[in-house]
Amino acid sequence: MNQRLVANLYLIFLLIGGYVYSTDVVDIVGIQWYYLSYLNILFFIIVIYNKIKKRENQQELFFLKNPVNLLYFIYFLFCCFSLIFSINLSVSIIGLSKIFISLTSLFIIHELKIYNYIKINHLALIFSLGLLIEVFMSLKGYFSLIEVTDFKFKMAEVYLKGLSGNKNITAASIAFKLPFLYYFIFKTRNKYLKALLLFASAVVYFNLFLLSSRAIFLSLFLCFIFFLTASIISMYLSKSNLKLFFQRIGIYILPILASGLYFYSSVSDENIKVENRISTISTNDTSASTRLRYYEKGITYFTENPIFGAGIGNFQIVSIKLDSQNIESYIVPYVAHNDFIELLTEIGFFGTFIYLIFIISPFLFLIKVFLNSKDHIVQNVSIILTLPFIIYFVDSNLNFPQYRPEMQVSLLIYLTAIYFFYKKEILQKI
């Protein structure tokens, strides 16, 4: 079978994994991991068959020579080691299986040489198309509602969740893909296409305003600060003029302003307004105070067990004891709402540190490309490609994207593409 065709098929089916849905289950995350496991079994067999068939070729890049793959493999080994100290072994095996599925995906991506076929342009196109589909499916519920009633804040959870399990996952997934639309906005020289893409990005921002995720508002603010700061540095490094700088900033801000004006003129519910959503971020807010309590309990457990932890996946078990005085109606803290604190409690410092380096690796690669290039176009591409990292990193500190297939699949593809972008711009030029 043609390897390019197999690689493209795997990529398509991999991305579909985040949208698998069933009305027969309460939590669709489980069935999505189930789908990805069978997908990986099928393509793993194809990979092994191809390796046996072409065993004469020994010049292929070894899987662990890619630092992204190596870091995740070491992280997986730490998770395996944590089974020895696991409080509940069956829970740990379930948690470990999800990490193994992600590791297998990285292996298949590498063995199918997807990085040879999916360049940054292709990646941006794939994510941009996925973004537009997600936004359409989310806003479809909004426009159906406003035909019969005024839109209210609480409606977003039911009617705007689109293809995802809830509105926060939808918001995170949309925000993660949005920078790839900007990539085309900055790249194209066709003024009509640029105008169309600017309009599309304004629609995306409008969708994010309606979803009203506070974590995403924080992410978008940090993205703007980073874009502004990096653009100023780029202007000095590449010795470009002020006109180019203001064009960049204007293009970046224009969709936000346009969508913001339409949002405030069309939505009457004060609870969904950005300033009111941000004002609820305090220790008096139930959601915020609950998260802070989980963080405190998790860090306390880590300080008492800094090396080995409770075993991968066992935060949900540990939290029952730690948060017993606050548990009501059989609702237990299933996740810490912070991937890093949760891992600290489960696998200790060293395993969490490896995972942290794995997550921030695209930022390190892109910063090196940015600082080593004198070309303002390459610098701008590096800036744009850093924005999905910011979205994911903030989400990792406020939610649990590691266990959301929709976010994890996007991350794995993104990480692979960023490493080979770095390899092309830095390693191959040395």
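Just so it is clear, the structure is predicted and the values come from calculations on it, not from any experiment.

What counts and what doesn't
Residues numbered from 1 in each chain as written. Predicted model: local features only at pLDDT ≥ 70, side-chain atom pairs only at ≥ 80, totals over all residues. Heavy atoms only, no water. Salt bridge = Lys/Arg side-chain N within 4 Å of Asp/Glu carboxyl O. Buried < 20%, exposed > 50% of the residue type's maximum accessible area, 1.4 Å probe, protein only. Axes fitted to C-alpha atoms, helices over the stretch in contact; angles between N-to-C directions. Helix = DSSP H or I, 4+ residues; strand = E, 2+ residues; numbered from the N terminus. Parallel < 35°, antiparallel > 145°, perpendicular 65-115°, else oblique. Left-handed = near helix turned anticlockwise from the far one by under 90°. Contact = heavy atoms within 4.5 Å. Nonpolar A, V, L, I, M, F, W, Y, C, P; charged D, E, K, R; others polar. 1 Å grid on protein atoms, 1.4 Å probe; cavity = no way out; pocket = protein on both sides within 12 Å on 5 of 7 lines; lining within 4 Å. Points joined across faces, edges and corners; volume = space filled by probe spheres on them.

Describing the pattern of salt bridges
On inspection of all chains with the given rule, the structure shows four salt bridges. In this structure, Glu 270 and Lys 273 form a salt bridge, with 3.6 Å as the shortest nitrogen-oxygen distance. Asp 395 is the salt-bridge partner of Arg 404, the closest N and O atoms lying 3.6 Å from each other. Under the relative-accessibility criterion, Asp 395 is labelled buried at 2%.

Things to note about the packing of helix 3 (residues 67-81) against helix 4 (residues 89-111)
For the pair helix 3 and helix 4, interaxial distance at closest approach is 10 Å and the crossing angle is 155°. It follows that helix 3 is roughly antiparallel to helix 4 by the angle criterion. The chirality of how helix 3 crosses helix 4 is left-handed. Counted together, Asn 69, Tyr 72, Phe 73, Tyr 75, Phe 76, Cys 79 and Cys 80 of helix 3 and Leu 96, Ile 99, Phe 100, Ser 102, Leu 103, Leu 106 and His 110 of helix 4 form the full contact between these two elements. Here the residues of the contact of helix 3 with helix 4 are counted per class, giving eleven nonpolar, three polar and no charged.

Brief notes about empty space enclosed by the protein
Scanning the entire structure with this criterion turns up two cavities of 30 Å³ or more. Here the largest cavity defines a volume of roughly 60 Å³. Along its surface, the largest cavity is lined by Ala 175, Leu 178, Pro 179, Tyr 182, Tyr 205, Leu 220, Cys 223, Tyr 252, Leu 387 and Ile 391. Within the residue set of the lining of the largest cavity, elements represented by two or more residues are helix 8 (167-187), helix 10 (214-237) and helix 16 (376-398). No other element matches helix 8, which puts four residues into the lining of the largest cavity. Grouping the amino acids of the lining of the largest cavity by side-chain chemistry returns ten nonpolar, no polar and no charged. Here the second largest cavity is characterised by a volume of approximately 50 Å³. At the level of elements, helix 2 (28-53) and helix 17 (405-425) are the ones that each hand at least two residues to the lining of the second largest cavity. With three residues, helix 2 is the largest single contributor of residues to the lining of the second largest cavity. The residue inventory of the lining of the second largest cavity, partitioned by class, reads four nonpolar, four polar and two charged.

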